[in-house]
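Here's the letter readout for the chains.
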Amino acid sequence: MTDIDHYFLGDPDLHQRLAVGTGILAELVRCAPRAVGISALENATGYPTQVLEKNCRHLCRAGLLHPDDSDRWLLAGAPSEITLEDVFRAVLTDAPACDKAEPSQLKIAPGTNDVELLLMQATVGIHQHIFNYLRRFSLDRVKISGAGMFPQTKQRACDFCREEAPAELH
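Residues numbered from 1 in each chain as written. Predicted model: local features only at pLDDT ≥ 70, side-chain atom pairs only at ≥ 80, totals over all residues. Heavy atoms only, no water.

A. Main features of the overall build of the protein chain. Looking only at helices and strands, the protein chain has five helices and four strands in total. If you list the helices and strands of the protein chain from N to C, you get α-α-α-β-β-α-α-β-β. Counting every position in the protein chain, which comprises 170 residues, the buried fraction comes to 27%. Counting only contacts in the protein chain whose residues sit at least 6 apart along the sequence, the fraction spanning at least 24 positions is 56%. Carbon and sulfur atoms make up 54% of the accessible area of the protein chain, which totals about 11600 Å². (Helix = DSSP H or I, 4+ residues; strand = E, 2+ residues; numbered from the N terminus. Buried < 20%, exposed > 50% of the residue type's maximum accessible area, 1.4 Å probe, protein only. Contact = heavy atoms within 4.5 Å. Areas by Shrake-Rupley, 256 points an atom, 1.4 Å probe, with all protein chains shown as cover.)

B. Local environment of the confidence of the model for the protein chain. Mean pLDDT over the protein chain works out to 75, with 68% of the residues at or above the 70 mark. A low-confidence stretch, residues 95-106 (pLDDT under 50), is modelled with twelve contacts involving residues beyond four sequence positions or located in other chains. Between residues 146-170, whose pLDDT stays under 50, and residues either more than four places distant or in other chains, the model counts 25 contacts. (pLDDT = per-residue confidence, 0-100.)

C. Structural view of the packing of helix H2 (residues 38-45) against helix H3 (residues 49-61). Interaxial distance between H2 and H3 falls to 9 Å at its minimum, and their mutual angle equals 115 degrees. In terms of their interaxial angle, H2 and H3 are classed as roughly perpendicular. In this structure, H2 crosses over H3, and the sense of that crossing is right-handed. When H2 is examined against H3, the residues Ile38, Leu41, Glu42 and Thr45 are found in contact with a partner set consisting of Thr49, Leu52, Glu53 and Cys56. (Axes fitted to C-alpha atoms, helices over the stretch in contact; angles between N-to-C directions. Parallel < 35°, antiparallel > 145°, perpendicular 65-115°, else oblique. Left-handed = near helix turned anticlockwise from the far one by under 90°.)

D. Representation of the pattern of salt bridges within the structure. By the definition in use, this model includes four salt bridges. One salt bridge connects Arg17 with Asp13, and the closest N-O pair in it is separated by 2.7 Å. Residue Arg17 and its partner Asp13 are located together in helix H1 (residues 12-31), separated by four residues, close to a single helical turn. Taking the relative accessible area as the measure of exposure, Arg17 reaches 30% and is therefore partly exposed. A relative accessible area of 46% means that Asp13 is categorised as partly exposed. When the shortest N-O distance is used, the salt bridge between Glu27 and Arg30 registers 3.4 Å. Taken as a pair, Glu27 and Arg30 lie in helix H1 at a separation of three residues, close to a single helical turn. One network of salt bridges, in which partners are shared, links Glu85, Arg89 and Arg135. (Salt bridge = Lys/Arg side-chain N within 4 Å of Asp/Glu carboxyl O.)

And the structure:
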């Protein structure tokens, strides 16, 4: 049996950045409508202060959260409006969402050979599929502790293989 790489797109660094960003936003969802400080985020996520501060600034530039008056953080929109696609785009670039170039705006450099062009087209296609898939997952799927909004069952059907899988795998 083949060992499967358990990282997003096989990239542990990208997976970690996606996990940190999603963890921050998930804690803001859990604590909404209250603002959350870095020390509370550190206690909830286990990530060090320096990592959290950097990622909060990064998510702020991406328009996913914003600071309140007391150096705490709030979601920039409703949890149902923020998707994993937004988090993925934020960790891929440090630019605000409105400054991102669409694939149709990409310029081909003079002298680009056929292999580079083919790989560029494949990469754009892969990213479009990833973005479309991640767009399906909004932060309102985060389990709100204590509210009982999303009761946890012992088992539920896996969406991909239609087999029964333990709830903690989802």
